[in-house]
Amino acid sequence: MGVINAISQETGAAKWFVAVCLTIVVGIVLAVGFRAAFVYEVEFAQIGFIYNRVNGKIEKVPHPGYRIVYPFIEEGNTIDARPFQVCINANNRVLNCKLVQFDPKGLDVFLSLHGRDFQNNLTDIL
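Residues numbered from 1 in each chain as written. Predicted model: local features only at pLDDT ≥ 70, side-chain atom pairs only at ≥ 80, totals over all residues. Heavy atoms only, no water.

1. A look at the pattern of salt bridges
(1) Moving on: Scanning all chains against the criterion turns up 4 salt bridges.
(2) Moving on: Taking the shortest distance from any N to any O, the salt bridge between Asp-80 and Arg-82 comes out at 2.8 Å. (Salt bridge = Lys/Arg side-chain N within 4 Å of Asp/Glu carboxyl O.)

2. A word on the side chain of Asn-77
(1) Moving on: Locating Asn-77 in the fold gives a position in strand 5 (residues 74–80).
(2) Moving on: You can call Asn-77 buried: its relative accessible area is 9%.
(3) Moving on: Here Asn-77 is in contact with Tyr-40, Ile-47, Gly-48, Phe-49 and Arg-116, once residues within four sequence places are set aside. (Helix = DSSP H or I, 4+ residues; strand = E, 2+ residues; numbered from the N terminus. Buried < 20%, exposed > 50% of the residue type's maximum accessible area, 1.4 Å probe, protein only. Contact = heavy atoms within 4.5 Å.)

3. Points about the packing of aromatic side chains
(1) Moving on: This model, assessed by the stated rule, comprises 2 aromatic pairs.
(2) Moving on: On the numbers, 5.2 Å between centres and 25° between planes, the contact of Phe-34 with Phe-38 is stacked. Taken together, the residues span about one helical turn, with Phe-34 and Phe-38 both in helix 2 (residues 12–38) at a distance of 4 residues.
(3) Moving on: Classification of Phe-34 as partly exposed rests on a relative accessible area of 41%.
(4) Moving on: For Phe-38, a relative accessible area of 30% puts it in the partly exposed group. (Phe/Tyr/Trp six-rings, centres within 6.5 Å; stacked < 30°, edge-to-face > 60°.)

Okay, structure coming up:
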């Protein structure tokens, strides 16, 4: 009640200032909450897919960018598509090194073999 009494005793210009500031703060909080809950981003060097928890289907995201998802129903995941170096070592000597990159055409096969929880066990995959 102290805040309400303090606002009621202020002048008209001060009330407008408080109302505008409060509106801006509430708008920023709502925008950040919407971004955190509903917006899913796929960056340029990523392959994105969305898992629907209701029907169990996996949908590939066709291009990088932002996408609106339904929280608690859809879950967005990404796979890094940048090339990286894989080396075979034996007795402290490098036998062979190659630059490998994930092929987007093999997304269905990759997910059928490793599941959607592949990020927790990357050492088993590599």
